[in-house]
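Spelled out from the first residue to the last, the chains are:
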Amino acid sequence: QVQLVETGGGLVQAGGSLRLSCAASGASGRTFSPDAMSWFRQAPGKEREFVATISWSGGNTNYVDSVKGRFTISSDNAKNTVYLQMNSLKPEDTAVYYCNLNGAVEGIRGRHDYWGQGTQVTVAS
């Protein structure tokens, strides 16, 4: 119903930076209305964890403590795109990063979560 495409992952040395992007589009031309878009990550052998979120109206942001001061989430509402700027990367940031959209889609009752396919971020020590 909503397609999310993440780009920007890769291999970087500790202390380096990466910028992830996530572009949202409605499947079959459906319109959608996000309440918020977020980034989650999942490291090998661990559960998926919340990283950052941004509200679609107002731009309020929130972060997990471990990335505060290093990661910045932002959005371009006109492009239905959310970004995650990651600076001062650490080996423990290594994970598959997933984009999430929570909101409503034309023709579907209620508000739901939609996920991208994920992009690998590897930080070498």
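Higher on the page you've got the structure.
Moving on, we come to the pairing of strand S4 (residues 32–42). Of all 11 residues in S4, eight are buried, a share of seventy percent or more. As paired elements, S4 and strand S9 (residues 95–105) share 10 bridges and run antiparallel to each other. By the bridge assignment for S9, Phe 32 is matched with Val 105. Inspection of the sheet shows S4 paired to strand S5 (residues 49–55) by six bridges, in the antiparallel sense. Within the sheet, the bridge partner assigned to Met 37 lies in S5 and is Ile 54. The antiparallel pairing of S4 with S5 creates a hairpin that spans six residues between the two strands, and Gly 45 there sits at a positive phi of about 75°.

Summed over all chains, the structure comprises one disulfide. The disulfide bridge from Cys 22 ends at Cys 99, spanning 2.1 Å between sulfur atoms. Here the S-S torsion is close to -85°, and the disulfide linking Cys 22 with Cys 99 is therefore left-handed. With Cys 22 in strand S3 (residues 18–26) and Cys 99 in strand S9, this pair connects stretches of sequence that are 77 residues apart. What makes Cys 99 buried here is its relative accessible area of 0%.

Calculation criteria
- Residues numbered from 1 in each chain as written.
- Predicted model: local features only at pLDDT ≥ 70, side-chain atom pairs only at ≥ 80, totals over all residues.
- Heavy atoms only, no water.
- Buried < 20%, exposed > 50% of the residue type's maximum accessible area, 1.4 Å probe, protein only.
- Helix = DSSP H or I, 4+ residues; strand = E, 2+ residues; numbered from the N terminus.
- Pairing = 2+ DSSP bridges.
- Disulfide = S-S within 2.5 Å.

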